[in-house]
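The lines below spell out each chain.
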Amino acid sequence: MTDTTIITFAQQKGGTGKTTLAIELACALRQTGRSIAIIDLDLQQTLSRWFALSTYNNNNDKITCIHSTIWQFHDHIQTLKDNGTDTIIVDTPPHQPQDTQSAIKASDLVLVPLLPSMFDIWSSEETFELISKERIPSRFIWNRVLTDSEIDTRFELPSSWSTLNTRVPNHIDFIQALSSGQSTQDMTTPSIAGQIMSKFSNEVLSLLVPEEMELSA
Ligand SMILES: Nc1ncnc2c1ncn2[C@@H]1O[C@H](COP(=O)(O)OP(=O)(O)O)[C@@H](O)[C@H]1O
Ligand SMILES: [Mg+2]
């Protein structure tokens, strides 16, 4: 692992929460004092538009965002490394296996948002194959969960798929906060969604640097 950590959100299926969780992770990690860069590889530029709104609202110290293409991607990564960026978070597009694979290859960890439905589990097989080919550590993360018991009883994942302990609930705060260029961390009234995002970022850190687990315990 280099000094700069690269975390990629990948999932060939659209609408599973890649962009939402990439933003949330960036904002939660910002609270730890790290310098964060987000690379938006999606032509739709959802993340870049959130960033523009966020910057307009002055919410954005310690985060930078670059909209990139796969041809510029490695140059952008190198520039960010040269600038001493602590963590790079990459948001990838759906249905673009080649772009996604290049991003996976450059990563220390790949996170795969997964919705609780058999359709989503079936569609995730392709993403897992891309990750397995590159032998990069990965974790699935359940998103838009309605009840924990549903996950525990209804869905059995292939044994080679590892999931994070953190499960992200289906919660209006994600929609409200992100629509106004914020994250659930920035909400003025304490948000259960924000607390779960802190847990999420601590779990991610613990995977990358085991000592971090003790510091954040
Ligand atoms: N945990 C959540 N609770 C409620 N809405 C969510 C949650 N995660 C994502 N969403 C919503 O689901 C939709 C798809 O999310 P998005 O992050 O754009 O997915 P992707 O980047 O994988 O296409 C968006 O409308 C987003 O606001
Ligand atoms: Mg997206």
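Before reading further, recall that the structure is shown in the block above.
This structure is a prediction, so every number in the text was calculated from the model and none was measured.

Chemist: Teacher, can you tell me more about the site of ligand 1 here?
Modeler: Around ligand 1, 15 residues are found, and the nearest of them are G15, K18, T20, N143 and P169. Contact distances for ligand 1 include 3.5 Å between a nitrogen atom and a side-chain N or O atom of N170. Put simply, the parts of the chain that give the shell around ligand 1 at least two residues each are α1 (18-30) and α7 (172-179). Of the residues in the shell around ligand 1, the class split is four nonpolar, nine polar and two charged.

Chemist: Please clarify how a nonpolar patch on the surface should be interpreted in this entry.
Modeler: Judged by side-chain polarity, M118, F119 and W122 come together as a nonpolar surface patch covering roughly 360 Å² of accessible area. Residue F119 is classed as exposed on the basis of its relative accessible area of 58%.

Chemist: Any chance you could explain the nonpolar core here in plain terms?
Modeler: Among soluble globular proteins, nonpolar side chains are generally buried collectively. In this structure, F9, L25, I89, L111, F200 and V204 are the most contacted members of the largest nonpolar core, which totals 33 residues. For this core, the secondary structure elements donating two or more residues are β1 (5-9), α1, β2 (36-40), α2 (46-56), β3 (63-67), β5 (109-114), α7 and α8 (192-208). With residues up to four places along the chain from it excluded, the contact list for F200 reads F9, L21, L25, L111, I141, L164 and T166. Of all hydrophobic cores here, the second largest spans 17 residues; its members include I104, L114, I136 and I151.

Chemist: Looking at this model, I keep getting lost on unusual backbone geometry. Mind explaining?
Modeler: A negative phi holds for most residues other than glycine; trans holds for most peptide bonds. One non-glycine residue, R135, lies in the positive phi region at around 55°. For R135, the position within the fold is in the loop between α5 (118-134) and β6 (138-142). By relative accessible area, R135 is classed as exposed at 76%. In the Ramachandran plot, R144 falls in the positive-phi region, its phi being about 60° despite a non-glycine side chain. Take R144: it is sitting in the loop between β6 and α6 (148-154). Residue R144 is classed as partly exposed on the basis of its relative accessible area, which comes to 39%.

Chemist: I would appreciate a short explanation of α1 in the present structure.
Modeler: For an α-helix, the turn length of 3.6 residues means that residues three or four places apart are oriented alike. With 13 residues, α1 should cover 18 Å at 1.5 Å per step; its first-to-last C-alpha distance of 18 Å lies within 8% of that length. With twelve of 13 residues buried, α1 lies mostly within the body of the structure. Regarding α1, the residues found buried are K18, T19, L21, A22, I23, E24, L25, A26, C27, A28, L29 and R30.

The rules behind the values
- Residues numbered from 1 in each chain as written.
- Chains lettered and ligands numbered in written order.
- Predicted model: local features only at pLDDT ≥ 70, side-chain atom pairs only at ≥ 80, totals over all residues.
- Heavy atoms only, no water.
- Near = heavy atom within 4 Å.
- Polar contact = N/O pair within 3.5 Å; in protein donor to acceptor, adjacent residues only side chain to side chain.
- Helix = DSSP H or I, 4+ residues; strand = E, 2+ residues; numbered from the N terminus.
- Nonpolar A, V, L, I, M, F, W, Y, C, P; charged D, E, K, R; others polar.
- Patch = residues over 30% accessible without salt bridge, like charges linked within 9 Å, V, L, I, M, F, W, Y side chains within 5 Å.
- Areas by Shrake-Rupley, 256 points an atom, 1.4 Å probe, with all protein chains shown as cover.
- Salt bridge = Lys/Arg side-chain N within 4 Å of Asp/Glu carboxyl O.
- Buried < 20%, exposed > 50% of the residue type's maximum accessible area, 1.4 Å probe, protein only.
- Core = buried A, V, L, I, M, F, W, Y, C linked by side-chain atoms within 4.5 Å.
- Contact = heavy atoms within 4.5 Å.
- Expected span 1.5 Å × (residues − 1).

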